[in-house]
Amino acid sequence: MKYIYRLVYIIMPAAIVMAFLYAPPAEGLGESSRLLYVHVPLAWVSVLAFSVSGILSLLFLFTGNGERTERVHAARNSAAIGLLFTVLATFSGSVWSKLSWGAYWNWDPRQTSIIVLMLVYIAYFSLESALRENSSRPRIVSAYLVFAMVTVPFFVFVVPRMFPSLHPDPIINPDRQVHLESAMKISLMTAIAAFTLLYGYLLDLANRVTAIKEQQKGHLL
Amino acid sequence: MKQVIITCMLSLLCVTGQFVNPGDDIAPPNAVEVSGTGTMSHGFHTAFSLRPENAFGDTGTTPATASAAPAEQTTGNDVLYRVTGVILIIWIVLGIYLFSIDRKISALERSSREP
């Protein structure tokens, strides 16, 4: 599987070139619309990473019998990468907001909900470090991650639709169609594939480092 | 990990740097007011209806200003090529860094497997 992730070395440069030289600028937004090829993939990977961390936690809770702690570590790594990508998505979104709306931050429902989501996952890392000496830490943090995963669709898809927002509808919209011109759609899909591979690659690296650390800890004990 | 974060932030800054004019403290021409009822009919919240921009289509370019447009377009393309180059260089540096980490982890895995 790790060899598939290495495709990121090829697909990411292709995505960069397509975003800047192949895709046309969007009507009304001009060149700033090229942020689409960074912002949307970052947001997509955030949701993916949080979902993966929740699913791994569920697997640990219901099939692991408390033995398979590597799933807990993988869930933590996925949540950490998800949080990093969420911060980057918020950063790119606020720059785009400045260019389109005239302000970096205006407490738009989507901006507010993403901040709350970030706080939910920051709280997870606080909880995890607070329970370092607790023997039931894997179960508690896994349960928390399942709870956090449940809040993700609420904060990403539900809350922004409950209140009037300037933010465009996401790719998963009520029409169930991507309203993009074909060159823009191809560029966006390439960027999403590149960022997904980057996520998989980073997660694989983090999991391998964690496995080595756990192995060394076992030898020391 | 710290370097990865810094490189990601730098690449985003480079992506966005071309659009921000120094000392530009006013809203851009296509800015929308955040509050007010009239702003919501601007089409931003309706759907992903992004369409490609026409060079001399409905952008309001008049024949008098149209002669200056090709020169601006060439300058814009130069900027795009430059930004693409900078981001590609950043990605190459990041890629080399990731690849070196990958190799180090593989070496550690091999040494930990040996008795």
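This report concerns the structure included in the present document. (Residues numbered from 1 in each chain as written. Chains lettered and ligands numbered in written order. Predicted model: local features only at pLDDT ≥ 70, side-chain atom pairs only at ≥ 80, totals over all residues. Heavy atoms only, no water.)

**Here we look at the overall build of chain A**
In terms of helices and strands, chain A carries 7 helices and 0 strands. Each helix (α) and strand (β) of chain A, taken in turn from the N terminus, gives the series α-α-α-α-α-α-α. In terms of C-alpha radius of gyration, chain A reaches 19 Å, essentially the compact-globule figure of 17 Å for 221 residues. With respect to the three principal axes, the spread of C-alpha positions in chain A is 60 × 40 × 30 Å. A total of 221 residues make up chain A; the buried ones form 53% of that total. When contacts within chain A are restricted to residue pairs at least 6 apart in sequence, long-range pairs at least 24 apart make up 74% of them. (Helix = DSSP H or I, 4+ residues; strand = E, 2+ residues; numbered from the N terminus. Rg over C-alpha atoms; globule rule 2.2 N^0.38 Å. Buried < 20%, exposed > 50% of the residue type's maximum accessible area, 1.4 Å probe, protein only. Contact = heavy atoms within 4.5 Å.)

**So, the packing of helix α5 (residues 109-130) of chain A against helix α6 (residues 137-162) of chain A**
Residues and elements named next belong to chain A. Between α5 and α6, the shortest axis-to-axis distance is 10 Å and the interhelical angle comes to 175°. One element, α5, and the other, α6, form an angle in the roughly antiparallel class. Residue classes in the contact of α5 with α6 are distributed as 19 nonpolar, 2 polar and 3 charged. (Axes fitted to C-alpha atoms, helices over the stretch in contact; angles between N-to-C directions. Parallel < 35°, antiparallel > 145°, perpendicular 65-115°, else oblique. Nonpolar A, V, L, I, M, F, W, Y, C, P; charged D, E, K, R; others polar.)

**Focus: the pattern of salt bridges**
Evaluation of the coordinates by the stated rule reveals 6 salt bridges over all chains. Close ionic contact of R208 of chain A with D102 of chain B constitutes a salt bridge, the shortest N to O distance being 2.9 Å. Remark: D102 of chain B occurs in helix α3 (residues 69-113) and R208 of chain A occurs in helix α7 (residues 182-220); the pair is interchain, linking two chains. With respect to burial, R208 of chain A and D102 of chain B carry one shared label: buried. (Salt bridge = Lys/Arg side-chain N within 4 Å of Asp/Glu carboxyl O.)

**Here's the deal with the environment of V156 of chain A**
All names here are of chain A. By the element assignment, V156 lies in helix α6. It is 22 Å that separates the C-alpha atoms of V156 and L197, two residues lying 41 residues apart in sequence. Setting aside anything within four residues of it in sequence, one finds V156 in contact with V47, R110 and L117.

**Brief notes about α5 of chain A**
Over its 22 residues, α5 of chain A extends 31 Å from the first C-alpha to the last, a length consistent with the 32 Å expected when each residue adds 1.5 Å. Looking at the buried residues of α5 of chain A, the elements they touch are α3 (36-63), α4 (69-101) and α6 of chain A. (Expected span 1.5 Å × (residues − 1).)

**Considerations on the packing of α3 of chain A against α6 of chain A**
Angle between the axes and distance between the axes: these two values describe a pair of packed helices. Residue and element names in this part refer to chain A. Orientation of α3 relative to α6, taken along the N-to-C sense of each, is 140°, at an axis distance of 8 Å. At the point where α3 passes α6, the crossing takes the left-handed sense. Across the interface between the two elements, V47, F50, S51, S53, G54, I55, S57, L58, F60 and L61 of α3 pack against P138, R139, S142, A143, L145, V146, M149, V152 and V156 of α6. Partitioned by chemical class, the residues of the contact of α3 with α6 number 13 nonpolar, 5 polar and 1 charged. (Left-handed = near helix turned anticlockwise from the far one by under 90°.)

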